[in-house]
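What the coordinates show
What follows is each chain in one-letter form.
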Amino acid sequence: MSAYVSRVSSEPSPVRRLEPVVWGDRVPGPMTTEELASYESDGFLLLEEALDDREVRSLDDELEAVAAAMGSRDERVIREPGSDTVRSVFQIHELSGRVAELASDPRLLGRVRQILGSEAYIHQSRVNFKPGLRGKEFYWHSDFETWHFEDGMPEMRAVSVSINLTENRADNGSLMVMPGSHRTFVGCVGETPQEHYRESLRSQHYGVPSDRALEQLASAHGITQVVAPPGSALLFDSNCMHGSNGNITPYPRRNLFLVFNSVENTLVAPFGGTEPRPGHIASRDPVPLG
Ligand code: 6CS
Ligand code: FE
């Protein structure tokens, strides 16, 4: 049984988060006390110039080559709704040596351990291509809501790192986050269909908050748009309310997305009662990093 309620027929009231945001006794690492405090209160932290230009270019080249070489029936490739254009490639840390290296890089892992207060493993990884002209949106959601109900992640003890591979501009579908929203769990209406992920990773319709809940959250917290150059990295809490618009500019918005989960928070049976999603979307084989 979970303390959180979602995927039910009538709308649950929003509840306060039970878990801490920064876990354990302050683990030493590269984040300053001010940075940790800022992450704790906003639920996210932007690291400008986390990677240098050369690193970003070689990473981006490798990811494009990996995506181009993948078979059209590969389950890890997710296409845009209504077209064959590649939207995301999952389990990218097992497909790209550079991503695997980056997952253990002390610049990221050191910070992740500080937040989680433990060792970490990759719960999910992917590249989001958000191509120019026709890239589609990601509707508002909390990742934890999905990971708890569809994957069986017990607690809010995971950090996502989104690394900009291209410029994330105000007009090309960059991420929007509601600062402070990570402190509230917003349950959603609607029982999850089996194999929901086949649809939801293209366009999400369950695990989406009501219009009223989104209006209330936005009026309480406001919306921050994360506009930042290539090489910057956004660390964000698993329960942040976030989403992004479509991209009708000619400038692609490519991001690498790594989800670090605590080794003390490994997956159990999904809390929504559906079959677990496949391992390339939610790992059930935790290998501690570093
Ligand atoms: O379903 C998931 O796990 C994914 N979906 C979204 C829209 N964000 C987080 C996560 O990668
Ligand atoms: Fe998300």
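Everything that follows concerns the structure shown earlier in this document.
Small disclaimer: the values here were computed from a predicted structure and weren't measured. The written sequence of each chain sets the order in which its residues are numbered from 1. Whichever chain is written first becomes A and whichever ligand is written first becomes 1, with later ones labelled in order. Thresholds applied to this predicted model are a pLDDT of at least 70 for local features of residues and 80 or more for the giving and counting of side-chain atom pairs; totals over whole chains, interfaces and linings are not thresholded and use all residues. Calculation of side-chain values draws on the structure's entire complement of heavy atoms; hydrogens and water are dropped beforehand.

Points about the site of ligand 1
The immediate surroundings of ligand 1 are formed by Gln124, Arg126, Phe138, His141, Asp143, Thr146, Trp147, Leu201, Gln204, Phe257 and Arg277. Under this definition, polar contacts are N or O atom pairs within 3.5 Å; protein pairs additionally need one hydrogen-donor-capable and one acceptor-capable atom, and for neighbouring residues in sequence, both atoms have to be side-chain atoms. Between ligand 1 and Trp147, the relevant distance is 2.9 Å, taken from an oxygen atom to a side-chain nitrogen or oxygen of the residue. Measuring from an oxygen atom of ligand 1, one finds a side-chain N or O atom of Arg277 at 2.7 Å. Here the accessible surface of atoms and residues is derived via Shrake-Rupley with a 1.4 Å probe, and residues count as covered only by protein chains that are part of the display. Starting from 300 Å² of accessible surface for ligand 1 in isolation, the protein chains cover 95%. Each helix is a run of H or I in the DSSP string that is no shorter than four residues. Each strand is a run of E no shorter than two, and both are numbered from the N terminus. For the shell around ligand 1, the secondary-structure elements that each account for two or more residues are β5 (120-128), β6 (138-142) and α5 (143-151). Take the shell around ligand 1: its biggest share by element is 3 residues, from α5. Only Asp, Glu, Lys and Arg are considered charged in this grouping, and only Ala, Val, Leu, Ile, Met, Phe, Trp, Tyr, Cys and Pro are considered nonpolar; every other residue, Gly among them, is considered polar. Residues belonging to the shell around ligand 1 are distributed by class as follows: 4 nonpolar, 4 polar and 3 charged. Put simply, a residue is near a molecule or strand once any heavy atom of it comes within 4 Å of that molecule or strand.

Overview of the sheet that holds strand β10 (residues 224-225)
Read across the open sheet, the 4 strands follow the order β6-β12-β8-β10; overall the sheet is antiparallel. Every other strand in the sheet has two partners, leaving β6 and β10 as the edge strands with one partner each. Pairing analysis gives 3 bridges linking strand β8 (residues 175-177) to strand β12 (residues 241-244), with the strands arranged antiparallel. For Met176, the partnering residue across the bridge sits in β12 and is Gly243. Residues are treated as being in contact if the distance between any of their heavy atoms lies within 4.5 Å. Axis definition: a line fitted to C-alpha atoms, limited for helices to the stretch in contact. Angles are taken between N-to-C directions and run from 0 to 180 degrees. Its contacts with the sheet place α5 against β6 and β12, and it is angled at close to 70° to β6. Here, strands pair whenever DSSP counts at least two bridges between them.

Here we look at unusual backbone geometry
Phi is positive for Glu49, which is not a glycine, with a value near 50°. Within the secondary structure layout, Glu49 lies in the loop between β2 (44-47) and α2 (53-69). One non-glycine residue, Gln91, lies in positive phi territory at about 55°. Of note, Gln91 is situated in the loop between β4 (86-90) and α3 (97-103). The buried category is assigned to Gln91, whose relative accessible area is 15%. Using a 1.4 Å probe on the protein chains alone, a residue whose accessible area is under 20% of its type maximum counts as buried, one over 50% counts as exposed, and one in between counts as partly exposed.

A look at the state of the cysteines
In what follows, a disulfide is any cysteine sulfur pair within 2.5 Å. Counting across every chain of the model gives 0 disulfides. For Cys188, which is in no disulfide, the shortest distance to another cysteine sulfur is to Cys240 and amounts to 15 Å.

Quick word on the coordination of the iron ion (ligand 2)
The protein atoms that coordinate the iron ion (ligand 2) are His141 (NE2), Asp143 (OD) and His242 (NE2), at distances of 2.1 to 2.2 Å. Its 4 donor atoms give the iron ion (ligand 2) angles of 84 to 172° at the centre, a pattern that matches the irregular case. The exposure class assigned to His141 is buried, which follows from its relative accessible area of 9%. The rule for donors is simple: N, O or S, within 2.8 Å of the metal, or within 3.2 Å if the metal is Na, K or Ca. Water isn't counted, so a site may look like it is missing partners. Donor angles set the geometry label: tetrahedral for four donors if every angle is between 85 and 135 degrees, square planar for four and octahedral for six if opposite donors exceed 155 degrees and the others are between 65 and 115, irregular for anything else.

Details of the nonpolar core
Counting residues in each nonpolar core, the largest one holds 40 residues, and the members touching the most others are Tyr39, Leu256 and Phe260. Once you skip the residues sitting within four places of it in the chain, Phe260 turns out to touch Ala103, Leu109, Val112, Leu116, Ala120, Tyr121, Ile122, Ala158, Val159, Val161 and Leu289. Counting residues in each nonpolar core, the second largest holds 20 residues, with Trp147, Met156, Leu175 and Val226 among its members. To qualify as a nonpolar core, a set must consist of buried Ala, Val, Leu, Ile, Met, Phe, Trp, Tyr and Cys residues joined through side-chain atoms within 4.5 Å.

Points about the pairing of strand β11 (residues 233-237)
Counting buried positions over the 5 residues of β11 gives 5, a clear majority of the element. Of the strand pairs in this sheet, β2 and β11 are connected by 4 bridges, and their pairing is antiparallel. Directly across from Leu47, in β11, lies its bridge partner Ala233. Inspection of the sheet shows strand β7 (residues 158-164) paired to β11 by 5 bridges, in the antiparallel sense. Paired with Ser162 across the two strands is Leu234, which belongs to β11.

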